Amino acid sequence: MRETRRIILITLAVVTGLAMTVPPDRVAAQPPITITHWQHFHEGRVMALGGLKQVFERQHPGVRIVTDFPPYAGFFEKMVTSLVAGTGPDVFQAPHFMAEQLINGGFLAPVPDSVATSTDIERTFFKWTTERFKRGGRHYGLPVDVQHIVLFINDDLARAAGLDPARPPATWDELIAQARRATRRDARGEIVQAGLDTRYKQAIYATLLYQFIDGPVVNAARREVTYNSPAGQDAFRVIESLLRGPNAVDSPRFLPGSRKFELKRAVFYLNHPVARSVIGLIGPDIKYTVAPVPAVSGKPPIAPGSHWAYVVNAKSRNAEMAWRWAEFLTSRVGMRAWIKEAGDAPYRMDVLDLETNTVVRDTLMRHTRVTDFAGFCYPVLDDLVDALALTTRPLADIVNEAKAKHDACVREALK
Amino acid sequence: MDPDGRRPGSHDGVPVTGRGGEVGLPRPSRVRAGIRAHLRVAPQVRHMLWAYVFLLPALVLFAFIVAYPLGWAFWLSLHDWSFLGRKPWIGLGNYTRLLGDPLFWKSLGISLRWTLGVVPAIIVIALPVALFLNVGWMRMRSAYRTVYFLPVVTNVVAVAFVWRWMFDPQFGIINLMLGYLDLGRPGWLADPAWALYAMMIVAVWKQIGQAMVLFLAGLQTIPQDFVDAARIDGANAWRIFWRITLPLLNPTMVFVAVILVINAFRVFTIPYVMSAGGLQMRTPGGPADSTRVFVLHIYDIGFRQFAMGYASANAFVLMLLIVAVTLVQMKVIQRPFEY
Amino acid sequence: MDIPGRPDIKIAAYLVLTLGAIPMLLPFLWMVSGALKPLHETMRIPPTWLPEQIRLENFPELFRQFPFGVYFVNSVIVAVVVVGCVLIVSAMAGYAFSKFRFPGRDLLFIVMLASLMVPFQVRMIPLYLMSVRFGLVDTLPGVIFPWLFDAFGIFLMRQFIQTIPNDLIEAARIDGAGEIRIFWTVVLPLVRPALAALAIFVAVANWEEFLWPLIVSSSDRSRTLPVGLHSFADQYMSYVHWQMAGALIAILPLIVVFFMFQRQFIQGIALTGMKQ
């Protein structure tokens, strides 16, 4: 027994020792320039970035790109803590709602003219994607991940429920009616097929809020949110009706945290065009239709837009090369990869032709309105929706409590 | 030491080999003898100096990673210290703010409920198991002991995934079994009314083995004579348990209870891992803040909202609570940390 | 303490222990079952107890997605360094506290012991700011340094070294042995069981540690197993079969070590129940 133990121990020690020896690619002499790049994990984008990285490294001998993809859930913690630590990456992506905080904090380096001038940037990208990262005539970010909400419909499941995917619901009332028809329950009354996959809550509440309020949701001048207004409460009432009671079209008990639509367990789904890549990866055989977001009756189908930007750390020692890499990622060449492999919608005006889906293109050009969220505050809204779905408290109380929390968060972000 | 500035132990470039090789090496030996003679004057001082030498690493580390951070934390708690903004001094402002913060009270209440549920449950399960495993006639004792102890050596993050999946309201094995028994199908982690209980079950499961082993160690210390004498007097097993075993086990009981209470106040990983849903991009502690235990509250303030000063003030409240619990324990049994 | 071996009591005891063992083992069985299922089978309503179709590809697929080796090696390095340091520091300090007289001894001991009452969360934020200042963020030394001092280890070693007869140490002194030599060749060998227990306890606690590495690591080079596992599960939320396989791989090494050193493990926990 003692012998066996010794042998196992020695084996363990040897294996550990071997594993600890430096992997071969690290032994190779370090290239003169290493650019570290962080962005939150997304299957399709990870693949696209891998290809782009190879092209860039071939074009720039001696430059090595080191990527890391933290999960979205911890991305903001990691980003901010590492920025303060001064150890952050050279290039990373930042959401539009954190632009003010990052620029005010002095964390970002501006785009040098040698890479792109202000005129270049403003001529190339949509106006609404460059405004928040602009300060004093200089740009601090190159837009990426330009998104708007569209409606996905699983064709087969819709037909099985007697719906015609070619005639998508145009209004919220129609969507709710159709989703109810498509919701299936088992003998116990548990939902086993969701009419509407509500896991991406932000898509639902942002769309409803911007359509119902039809004005700023975050009043930046007064540093407060406006969604406690009657119009805002109407929007939340719609959400409540989707998630509560015998007519609910989705349930938190059903596949919590999982991808219902990609697993063919949901008929309708609101998300960004980029969701196409994950659908393709997890449910490659799903036939689906992309439709415009439903509208409030008699109002235009406003699709809330959002974007991120590639930014360069103010502490980067190779800021210019870092910006070259970021510029390459947002160039026409990069754009092809994002569209093809990540399922992105175009985020440059000169590549609109690469987007084959007319609904995506049309919504992007005509109906997208960028959200005015400020600071890392939207979890307050997620919690609000949870409270609507899971507790019996009156809607007005829930909304007012969230507004107070949200106002404090926005004030902190914009101070 | 060496008047010529050479390394002691070498003599005119000739390396000294072997220990205690003073013979024939006049100079170093004279030096050493000198030192000894000097120290012989005050052996207590020499003794003391050695004590400090042995203590030095501990003292340095203690100062660096315990005392200094503790002082800094208190200083932080007096500031409106956030990562991205200015850091003005606000005195006890964070502490007064905390008293008026409903989330503070809510998360404190959740930690209290956690403690009041988890600690008694572990003791009530672990004590009988330990009693049975302590008797002579029990067969397969080590097999049972291994089974009950196994969760202690698992990685809590890994098992939290397994439990999360077991608790799935529709695909999970727990509701499947409850279905067999026709006991209803709670939403577990998806339902604010049940989520905390689901996590408490995991915490109990994880710590039974630890309490069991401590009880076993305590039971070994109870002299068999007492039990035998009582049996001769005609006491039955039940009476022996209540009148002899339990009172004599009291120090162990208090010790176990205190450990479990402190662990309960410090719990973080289970609610963090079981409540945070990756793609849901949610705040840990959900649904609807129903599992926001106190340490999660501190983490959320400090590392998600980046209000470090306020988070520090909350952490000091946690410390006061733990100190209070420990002091109560010291009152209950005079000899602290003896078991 | 003994319970009489009456048949009814025996039956009750075996029944209680066996029934209780089922929930203790259930997660392990469910994990193994899930790790061998294909994804679609994990989504079955009602769920299947045993995989209908065993799918071993889950494991190679997992290793392709998840740099388990890196996390594992990081965890081993952290555990080894922390255990080594805590053992040496605790034994030295325990020796000083138990076998020497010096001014401030009792006060220092009480102050150090009192630090057991300070929850880690209080020190966490300053420790993070210190890591920032010393450039330790996202490095293994950063993951390691807060754990190098362990008041409980000092307390434990003091208790054990106290049981060594003073005569033994005095005899060595009279023989002309130096203080370091006495410590190394007389004291340490006598407290070997306590050292082993402390080592195991510190190693287990470190293998579990989650909150601090979560904060201080931001990339694979310094992620330990629990944090790596968490970020993996976050990324592959829907892939239950991979999550179960990952959980299995993550807990296996410690369980193997546990079976090898069962007695020392249980002794270690009994001696050092102060922490989880």
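All values derive from a computational prediction rather than experimental measurement.

Colleague: How would you summarise the environment of Ala160(A) if you had to cite specific residues and measurements?
Modeller: Residues and elements named next belong to chain A. The topology assignment puts Ala160 in helix H7 (residues 155–160). When the 13 C-beta atoms within 10 Å are taken as the criterion, Ala160 is described as partly exposed. Considered as a pair, Ala160 and Tyr205 are 45 residues apart in the sequence and their alpha carbons are 28 Å apart.

Colleague: Give a description of the interface of chain C and chain B that names residues and reports values.
Modeller: Contacts between the two partners involve 80 residues from chain C and, on the opposite side, 86 residues from chain B. Examining the composition of the side of chain C that touches chain B, we find that 13 residues originate from one element, helix H1 (residues 7–35) of chain C, more than from any other. Of the residues that constitute the side of chain C that touches chain B, the class distribution is 62 nonpolar, twelve polar and six charged.

Colleague: Tell me about the environment of Ser118(A), residues and numbers included.
Modeller: Residue and element names in this part refer to chain A. Within the element layout of this structure, Ser118 appears in helix H6 (residues 118–124). Judged by the 15 C-beta atoms lying within 10 Å of it, Ser118 is partly exposed. Placed 21 residues apart in sequence, Ser118 and His139 show a C-alpha to C-alpha distance of 6.6 Å. Excluding residues that lie within four positions of it along the chain, Ser118 makes contacts with Gly137, Arg138 and His139.

Colleague: Got a sec to walk through the interface of chain A and chain C? Specific residues and values, please.
Modeller: In this complex, chain A contributes 23 residues to the contact, which on the side of chain C involves 18 residues. Those elements that place two or more of their residues in the side of chain A that touches chain C are helix H1 (2–20) and helix H4 (72–85) of chain A. Class assignment for the residues of the side of chain A that touches chain C results in twelve nonpolar, seven polar and four charged.

Colleague: Could you give an account of unusual backbone geometry, with specific residues and numbers?
Modeller: In this structure, Lys264(A) is a non-glycine residue whose phi angle is positive, near 60°. You can see Lys264(A) is positioned in the loop between helix H10 (230–243) and strand S13 (266–271). Note on Lys264(A): 18 C-beta atoms within 10 Å, which makes it partly exposed. Backbone geometry at Asp289(B) places phi at a positive 60°, although glycine is not the residue there. Looking at the element boundaries, Asp289(B) is found in the loop between helix H12 (269–275) and helix H13 (294–304).

Colleague: Go over the pairing of strand S2 (residues 63–68) of chain A, please, and point to the residues and values.
Modeller: Residue and element names in this part refer to chain A. Bridge analysis of strand S1 (residues 33–38) against S2 gives six bridges, and the strand direction is parallel. In the sheet register, His37 faces S2, and the bridge partner there is Thr67. The parallel pair S1 and S2 is bridged by helix H3 (residues 43–59), and the resulting crossover is right-handed.

Colleague: Report on the packing of helix H3 (residues 58–65) of chain C against helix H14 (residues 240–260) of chain C, specifying residues and quantitative values.
Modeller: Axes are the key here: two packed helices are described by the angle between their axes and the distance separating the axes. All names here are of chain C. The contact between H3 and H14 brings their axes to 9 Å, and the two run at 85°. When the axis of H3 is compared with that of H14, the two are roughly perpendicular. On the side of H3, the interface is formed by Asn58, Phe59, Glu61, Leu62 and Gln65, while H14 contributes His241, Trp242, Ala245 and Gly246. In the contact of H3 with H14, the residues fall into four nonpolar, four polar and one charged.

Colleague: Which residues make up the packing of helix H13 (residues 225–235) of chain C against H14(C), and what values go with them?
Modeller: All names here are of chain C. Direction vectors running N to C along H13 and H14 enclose 175°, while the axes themselves pass 10 Å from each other. Taken together, H13 and H14 sit at an angle that is classed as roughly antiparallel. Residues Leu225, Leu229, Phe232 and Ala233 of H13 lie in contact with H14, whose contacting residues are Gln243, Gly246 and Ala250. In terms of residue class, the contact of H13 with H14 is made up of five nonpolar, two polar and no charged.

What counts, and where the lines are drawn
- Residues numbered from 1 in each chain as written.
- Chains lettered and ligands numbered in written order.
- Predicted model: local features only at pLDDT ≥ 70, side-chain atom pairs only at ≥ 80, totals over all residues.
- Helix = DSSP H or I, 4+ residues; strand = E, 2+ residues; numbered from the N terminus.
- Buried ≥ 20, exposed ≤ 12 C-beta atoms within 10 Å, placed from the backbone.
- Contact = placed C-beta atoms within 7 Å.
- Nonpolar A, V, L, I, M, F, W, Y, C, P; charged D, E, K, R; others polar.
- Pairing = 2+ DSSP bridges.
- Right-handed = clockwise from strand over helix to strand, strands pointing away.
- Axes fitted to C-alpha atoms, helices over the stretch in contact; angles between N-to-C directions.
- Parallel < 35°, antiparallel > 145°, perpendicular 65-115°, else oblique.

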